[in-house]
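# Architecture and fold: a report
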Amino acid sequence: MLASILSRHFLKSAQKARPHQSIELKIEKNIINGYGDDTEFFSGFNGLSRVRIDSGRVYQNYPVMTEMIRLTGRISFNPCHPVIMDLDSTVCNGYGSSRNRITIPAPSKLLYAILSENCNNEFYESPEMLSKDIVEAYTHMLTELYGKGSKTVDLNDDFMAKFFDNEQTDRFITGGIDIDRLVDLLSKTNNEVIERLPADLYSTLNLLCSEDEAPRCHADNQIASRILSLIGTNAVSLDLNLIRASGYSTLRQLPDSKKIYLVIRMPFDKEYVAEQVSIASNYHPYKMIGIARHKQIAHNSTCIIRDFL
């Protein structure tokens, strides 16, 4: 059943800008609790473990090992999950506050990691059943974090970010992947978690790519537009490389009630920022556009420092 949505073989292998408006930038003063290793985070749930395998590559005469996630049973919340214990320690040491911001991998990223690495498993008959357990586990964990004072959560998904590049999308289609079904399922998984959380918990979906994966410029990306139309979090942080590649016009699909943060990696330059915001505001309400600065916090995870306009 899982193979029907993903291909194991494949997995191996000028716009008119409105006049510049004066802007004032200030950094949001939230505590950022980044989580450095996705596989460690995922293996904190019951039913998952991480394994190291030989990647087949050699560096300086040593084999390069790759960490992967493996299903060992049905997925469920673990009250001793590392991120829960880390927050408890932070609060006990006097560093916690009601404005703690937690940065973790998105539920959709866990779903894709399992689908791509655990084909023909014995625990789930369909991706939809797997999604249901992931939703339950994440909902329980984020509710626990909310009760401990975390009112803001950032959900990182660098996999869904790939769909903002038409060339990447074409490769998935060539590999036999049902893109529409996959995007709908990933989005639904995230949204069902968000719908079950307290209304005052502020959530952001971070769609970021690594610098070496910066997409080439393409326009009229229907998959990117679909992803934005299905955003269920309060806000979305979108790598500027992605939005420039898929075309600013895709922002039309993002509901007007959603905040969008354009994530930049270069040195902060107000004139450059003003220009990008001006272009983006042709397609999304100006007051709902923000700027964020990209920050690498570990080899396998990122967080962002938000700036408000």
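See the structure shown above.
Every value quoted in this text rests on a predicted model; they were computed, and no experiment measured them.

Thresholds applied
- Residues numbered from 1 in each chain as written.
- Predicted model: local features only at pLDDT ≥ 70, side-chain atom pairs only at ≥ 80, totals over all residues.
- Heavy atoms only, no water.
- Helix = DSSP H or I, 4+ residues; strand = E, 2+ residues; numbered from the N terminus.
- Buried < 20%, exposed > 50% of the residue type's maximum accessible area, 1.4 Å probe, protein only.
- Areas by Shrake-Rupley, 256 points an atom, 1.4 Å probe, with all protein chains shown as cover.
- Axes fitted to C-alpha atoms, helices over the stretch in contact; angles between N-to-C directions.
- Parallel < 35°, antiparallel > 145°, perpendicular 65-115°, else oblique.
- Left-handed = near helix turned anticlockwise from the far one by under 90°.
- Contact = heavy atoms within 4.5 Å.
- Expected span 1.5 Å × (residues − 1).
- Salt bridge = Lys/Arg side-chain N within 4 Å of Asp/Glu carboxyl O.
- Core = buried A, V, L, I, M, F, W, Y, C linked by side-chain atoms within 4.5 Å.
- Phe/Tyr/Trp six-rings, centres within 6.5 Å; stacked < 30°, edge-to-face > 60°.
- Pairing = 2+ DSSP bridges.

Turning our eyes to something else, we now look at the overall build of the protein. Scanning the protein for helices and strands turns up 10 helices and 11 strands. Within the protein, the fraction of its 309 residues that count as buried is 52%. For the protein, the exposed area adds up to about 14,600 Å²; of that, 49% sits on carbon and sulfur atoms.

Attention now goes to the packing of helix α4 (residues 107–117) against helix α5 (residues 127–147). When two helices pack together, you describe them by how their axes are tilted relative to each other and by the distance separating the axes. With their axes 10 Å apart at the nearest point, α4 and α5 run at an angle of 140° to one another. The angle between α4 and α5 places the two elements in the oblique class. α4 and α5 meet at a crossing whose hand is right-handed. For the pair α4 and α5, contact is made by Pro 107, Leu 110, Leu 111, Ile 114 and Leu 115 and by Pro 127, Leu 130, Ser 131, Ile 134 and Tyr 138, respectively.

What follows covers helix α7 (residues 179–195). Relative to the 24 Å expected for 17 residues at 1.5 Å per residue, α7 spans 24 Å between its end C-alpha atoms, a close match to the ideal helical length. Within the span of α7, buried status applies to Ile 179, Leu 182, Val 183, Leu 185, Leu 186, Ser 187, Thr 189, Asn 190, Asn 191, Val 193 and Ile 194. Looking at the buried positions of α7, the neighbouring elements they touch are α4, α5, β6 (150–156), α6 (166–174), β7 (202–207) and α8 (222–229).

This next bit is on the pairing of strand β9 (residues 259–264). The element β9 is extensively covered by neighbouring structure, given that 6 of its 6 residues are classed as buried. What you see with β9 is no split at all: Lys 259, Tyr 261 and Val 263 on one side and Ile 260, Leu 262 and Ile 264 on the other are buried throughout.

Quick look at the pattern of salt bridges now. Overall, the coordinates contain 7 salt bridges when judged by the stated rule. In this structure, the salt-bridge partner of Glu 192 is Lys 188, at a minimum N-O distance of 3.8 Å. Of this pair, Glu 192 and Lys 188 both sit in helix α7, 4 residues apart, which is roughly one turn of that helix. Residue Glu 192 is classed as partly exposed on the basis of its relative accessible area of 23%. Look at the salt bridges and you will find they share partners, linking Asp 38, Lys 109 and Asp 158 into a network.

Ile 75, Ile 104, Tyr 138, Met 141 and Leu 207 are the most contacted members of the largest nonpolar core, which totals 76 residues. Here this core gets 9 residues from one element, more than from any other, and that element is α5. If you look at the next biggest cluster of nonpolar residues, it comprises 5 residues, including Leu 208, Tyr 261, Val 263 and Ala 292.

The geometry of an aromatic ring pair is captured by the separation of the ring centres together with the interplanar angle, meaning the angle of the planes. Within the structure shown, the criterion is met by 6 aromatic pairs. Measuring from centroid to centroid gives 5.7 Å for Phe 41 and Phe 45, while their planes differ by 90°, and the two rings are edge-to-face. The exposure class of Phe 41 is buried, given its relative accessible area of 0%. Residue Phe 45 is classed as buried on the basis of its relative accessible area of 2%. Chaining the aromatic ring pairs together yields one cluster made of Phe 41, Phe 42, Phe 45 and Tyr 138.

Turning to the pairing of strand β8 (residues 235–239), a few remarks are in order. The element β8 is largely enclosed, with a buried count of 5 among its 5 residues. The two faces of β8 match: Ala 235, Ser 237 and Asp 239 on one face and Val 236 and Leu 238 on the other face are all buried. In the sheet, β7 pairs with β8 via 4 bridges, with the strands oriented parallel. For Leu 205, the partnering residue across the bridge sits in β8 and is Val 236. One ladder, built from 5 bridges, connects β8 with β9; its direction is parallel. Paired with Val 236 across the strands is Ile 260, a residue of β9.

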